[in-house]
Amino acid sequence: MLNFLKFVFASPMLLLALEASAQSPMLANCTRSANLLACVDGQGNAYSVMTAGNTLYLRGFEVTGRRYWVQTTSRYGQLTFFTGIASDGESWVGYSRRVGWTTINRFSSSGGSTGKFLCGRISGCQDAPR
């Protein structure tokens, strides 16, 4: 679950990179319009991101867990809050706070997963001490 939530949280950032290079079979095939980006990867995972003002709406299907999920992400200055729910009943909440070039992320889920990780522009994402 921890890796899934990291992916879901980071997916808006990843989608820009995935869209830029669609030649590799490991990368997603994406279609976009003015406010919607929809992608399917080589394994059959599907996800979409829609923007409306300061809010992102994510939807997806995870092949491994055979489940659908949705997440709403809202930004208020340097803080971003997100909530989500999956078709198996699991739900999650979390936030992200930008500090310079680093983003501090925390989340917890109804399945018992909790996490804190840091993402930097150069170093990528890594677990942070609690």
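With an unreviewed UniProt entry as reference, the protein chain is termed Glutamine synthetase, source organism Pseudomonas hefeiensis.

As enumerated under the stated definition, the model contains two disulfides in all. With its sulfur 2.0 Å from that of its partner, Cys 119 forms a disulfide with Cys 125. Given an S-S torsion of about 105 degrees, the disulfide between Cys 119 and Cys 125 has right-handed geometry. The connectivity of the disulfides in the protein chain is 1-2, 3-4, where the numbers refer to bonded cysteines in sequence order.

Within a regular strand, the side chains alternate between the two sheet faces. In this structure, strand 9 (residues 114-120) lies alongside strand 10 (residues 124-127), joined through four bridges in antiparallel fashion. Residue pairing across strands places Leu 118 opposite Gln 126, the latter belonging to strand 10. Between the end of strand 9 and the start of strand 10, which pair antiparallel, lie three residues.

Cut-offs used in this document
Here, residues in each chain are numbered from 1, in the same order as that chain's written sequence. Thresholds applied to this predicted model are a pLDDT of at least 70 for local features of residues and 80 or more for the giving and counting of side-chain atom pairs; totals over whole chains, interfaces and linings are not thresholded and use all residues. As a rule here, side-chain values cover all heavy atoms of the structure and leave hydrogens and water aside. Throughout, a disulfide means two cysteine sulfur atoms within 2.5 Å of one another. If DSSP finds at least two bridges between two strands, the strands pair. Every helix listed is a DSSP run of H or I at least four residues long, and every strand listed is a run of E at least two residues long, numbered separately from the N terminus.

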